[in-house]
Amino acid sequence: MTEINQLLAQVESARQAFIAEATGLSFAQANFKPNLESWNIVEIVEHIVRAEQSGISGLWKAYDALRRGEPVWSGDPIHRGLSADEIIARTWQPKEIVPPIAAPQ
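Summary of the structure given here.

About the thresholds
- Residues numbered from 1 in each chain as written.
- Predicted model: local features only at pLDDT ≥ 70, side-chain atom pairs only at ≥ 80, totals over all residues.
- Heavy atoms only, no water.
- Helix = DSSP H or I, 4+ residues; strand = E, 2+ residues; numbered from the N terminus.
- Rg over C-alpha atoms; globule rule 2.2 N^0.38 Å.
- Buried < 20%, exposed > 50% of the residue type's maximum accessible area, 1.4 Å probe, protein only.
- Contact = heavy atoms within 4.5 Å.
- Areas by Shrake-Rupley, 256 points an atom, 1.4 Å probe, with all protein chains shown as cover.
- Lys, Arg positive; Asp, Glu negative; His and termini not counted.
- Charge placed at Lys NZ, Arg CZ, Asp CG, Glu CD.
- Salt bridge = Lys/Arg side-chain N within 4 Å of Asp/Glu carboxyl O.
- Phe/Tyr/Trp six-rings, centres within 6.5 Å; stacked < 30°, edge-to-face > 60°.

1. Structural notes on the overall build of the protein chain
In step 1: Summing up its helical and strand segments, the protein chain has four helices and zero strands in all.
In step 2: Starting at the N terminus and walking to the C terminus, you meet the elements of the protein chain as α-α-α-α.
In step 3: In terms of overall dimensions, the protein chain is more spread out than a globule: its C-alpha atoms have a radius of gyration of 17 Å, far above the 13 Å expected for 105 residues.
In step 4: For the C-alpha atoms alone, the extent of the protein chain along its principal axes is close to 50 × 35 × 25 Å.
In step 5: Counting all 105 residues of the protein chain, 9% fall into the buried class.
In step 6: Taking the intrachain contacts of the protein chain between residues at least 6 apart in sequence as the baseline, contacts between residues at least 24 apart amount to 48%.
In step 7: Carbon and sulfur atoms make up 61% of the accessible area of the protein chain, which amounts to about 8,900 Å² in all.
In step 8: Taken as two groups, the 9 positive and 13 negative side-chain charges of the protein chain have centres that lie 5 Å from each other.

Have a look at this one:
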């Protein structure tokens, strides 16, 4: 199995686990917020869907531009060789502000 196939299998496994956790909740459970700053399960699911759609769209745009010889970025690939988990650990901050494109509506 290629590295890409392994990564895709991991994404699929994580997606299925996420769906399983969010399935079968009551209305009250899905909408529960422990405090005003927290998202409920409905908002978290919407965020995950919107973020994944945005990420996939961005990847395809970058791939297409690279294929046409017009890459969307330049410079040194500072994250080359790092896993997604390592990149996230280095770049995301506690209480990160979600970009509007991935925010629950």
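Still to come is the rest of the account.
2. Side note on the pattern of salt bridges
In step 1: A full pass over the atoms with the stated rule returns six salt bridges.
In step 2: Connected through salt bridges with shared partners, the residues Asp64, Arg67, Arg68 and Glu70 form a single ionic network.

3. A few points about the packing of aromatic side chains
In step 1: Applying the stated criterion across every chain yields a total of one aromatic pair.
In step 2: An angle of 85° between the planes, with centres 5.8 Å apart, marks the rings of tryptophan 60 and tyrosine 63 as edge-to-face. Highlighted residues: tryptophan 60 and tyrosine 63, both in helix α3 (residues 41-67), separated by three residues, approximately one helical turn.
In step 3: Judged by its relative accessible area of 56%, tryptophan 60 falls in the exposed class.

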